[in-house]
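Architecture and fold: a report
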Amino acid sequence: MLKSRGVTYRDLAAALSMSEANIKRMFAQQSISLQRLEAICQVLGLSLTDFIAQCETKERSITQLTDEQELELASDIKLCLVAVCLRDGWTYYDIVEHYQISEHECIQLLARLDRLKLIELLPGNAFKVLISPNVRWTPGGPLDRFIAGDVIGHFLQGSFREPESFRFYLRGSFTQSSIEHLQNKLEQLTLEAEEMNRQDARIPLDKRTHIGILLAMRPWELSAFRALRRPS
């Protein structure tokens with residue numbers, strides 16, 4: 001939670017009037033008094049009750065999909081759509097209203113997600129979502145191949161001219177230390193986006209905008225540049 005809010009050990013040390021070394025030791029030893037935990041919650045802007053509730057929710061959430069779950073989601077676009085909508089805080093009625101999915105079909109899809117243990121189906125078309133906001137899939141697995149082959153290609157083909165859009169490409173040559181620093185920054189931004197998505201799920205759907213965020217970094221050189229390299 002500290003990481004998702006961009007609070008560093010140094011920030012926390014200053015807020016609690018402790019040394020950074022003592023903060024690191026406290027977490028490493030997992031030795032935190034109730035009074036200290038309440039103080040940390042104040043830094044996070046949470047009550048102790050909210051903190052415990054969020055921890056319990058995360059403990060029950062699925063953070064890694066199984067091969068069976070991935071295969072079913074990747075092979076049925078409507079099933080995948082409903083799973084994503086539920087993870088983002090949509091209701092049964094939101095899905096039926098916004099997509100070409102009938103009420104009967106939506107109930108069937110919910111039942112399949114229940115069998116896959118991605119949700120817990122409750123009476124009256126209610127449900128408990130078991131998918132974590134930061135759920136991960138297997139590199140090279142069914143969902144990874146689907147996203148790489150379809151989602152990313154179509155996503156990058158857009159004009160990026162909408163007011164909410166942003167596109168930036170940076171070419172550079174970095175030391176290993178700088179690369180690790182950039183990786184940590186990207187990971188932190190990912191966590192912040194996941195936390196905001198979780199919090200915004202409580203807001204009515206008509207007050208939210210569909211947004212796709214792609215964060216990527218890998219060893220890379222434009223093919224036009226690479227073609228100009230001298231033979232080794």
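A short tour of the structure in this document, coming up. Residue positions within a chain follow its written sequence, with the count starting from 1. Two thresholds apply to this predicted model, a pLDDT of at least 70 for residue-level local features and 80 or more for giving and counting side-chain atom pairs, whereas whole-chain, interface and lining totals are computed over all residues. Neither water nor hydrogens contribute to the side-chain values; these are computed over all heavy atoms in the structure.

1. Looking at the overall build of the chain
Helix and strand assignments come from DSSP, with helices taken as H or I runs of at least 4 residues and strands as E runs of at least 2, each series counted from the N terminus. For the chain, the helix and strand inventory stands at 11 helices and four strands. Its C-alpha atoms put the chain at 65 × 60 × 35 Å along the principal axes. Categorising residues by exposure relies on relative accessible area from a 1.4 Å probe, with only protein chains included: less than 20% of the type maximum marks a residue as buried, more than 50% marks it as exposed, and the intermediate range marks it as partly exposed. Per-residue burial for the chain yields a buried fraction of 23% across its 232 residues. Within the chain, counting contacts between residues at least 6 apart in sequence, those at least 24 apart form 59% of the total. For the area figures, the Shrake-Rupley method with a 1.4 Å probe applies, and any residue is considered shielded solely by the protein chains shown. For the chain, the exposed surface amounts to about 16,400 Å²; the carbon and sulfur share of it is 54%. Charge counting follows a simple rule: Lys and Arg are positive, Asp and Glu are negative, and His as well as the terminal groups are ignored. Each charge is placed at NZ for Lys, CZ for Arg, CG for Asp and CD for Glu. Computed over 28 positive and 30 negative side-chain charges, the inter-centroid distance for the chain is 8 Å. What makes two residues a contact is simply this: any of their non-hydrogen atoms within 4.5 Å.

2. Describing the environment of G153
Within the fold, G153 resides in helix 9 (residues 142-156). With a relative accessible area of 30%, G153 lands in the partly exposed category. Note: C-alpha distance between G153 and I95 (58 residues apart in sequence) is 25 Å.

3. What about the packing of helix 1 (residues 9-16) against helix 3 (residues 34-44)?
Think of two packed helices as two axes; the pair is described by the angle between the axes and how far apart they sit. Contact geometry for helix 1 and helix 3: axes closest at 10 Å, N-to-C directions at 115 degrees. Relative to helix 3, the element helix 1 lies roughly perpendicular. You can see that helix 1 and helix 3 cross each other, and the crossing is right-handed. On helix 3, the residues touching L12, A15 and L16 of helix 1 are R36, A39, I40 and V43. Classification convention: Asp, Glu, Lys, Arg as charged; Ala, Val, Leu, Ile, Met, Phe, Trp, Tyr, Cys, Pro as nonpolar; all other residues, Gly among them, as polar. Tallied by class, the residues present in the contact of helix 1 with helix 3 amount to six nonpolar, no polar and one charged. As a rule, the C-alpha atoms of each element are fitted with a line to give its axis, helices using only the stretch in contact, and angles between N-to-C directions run from 0 to 180 degrees. The labels follow the angle: roughly parallel below 35 degrees, roughly antiparallel above 145, roughly perpendicular from 65 to 115, and oblique for the rest. Definitions for this section: a left-handed crossing has its near helix turned counterclockwise from the far helix by less than a right angle. A right-handed crossing has that turn clockwise.

4. A word on the state of the cysteines
Disulfides are defined as cysteine sulfur pairs within 2.5 Å. Across all of its chains, the model carries zero disulfides by this definition. In this structure C80 is not part of a disulfide, and its nearest cysteine sulfur, from C85, lies 9.6 Å away.

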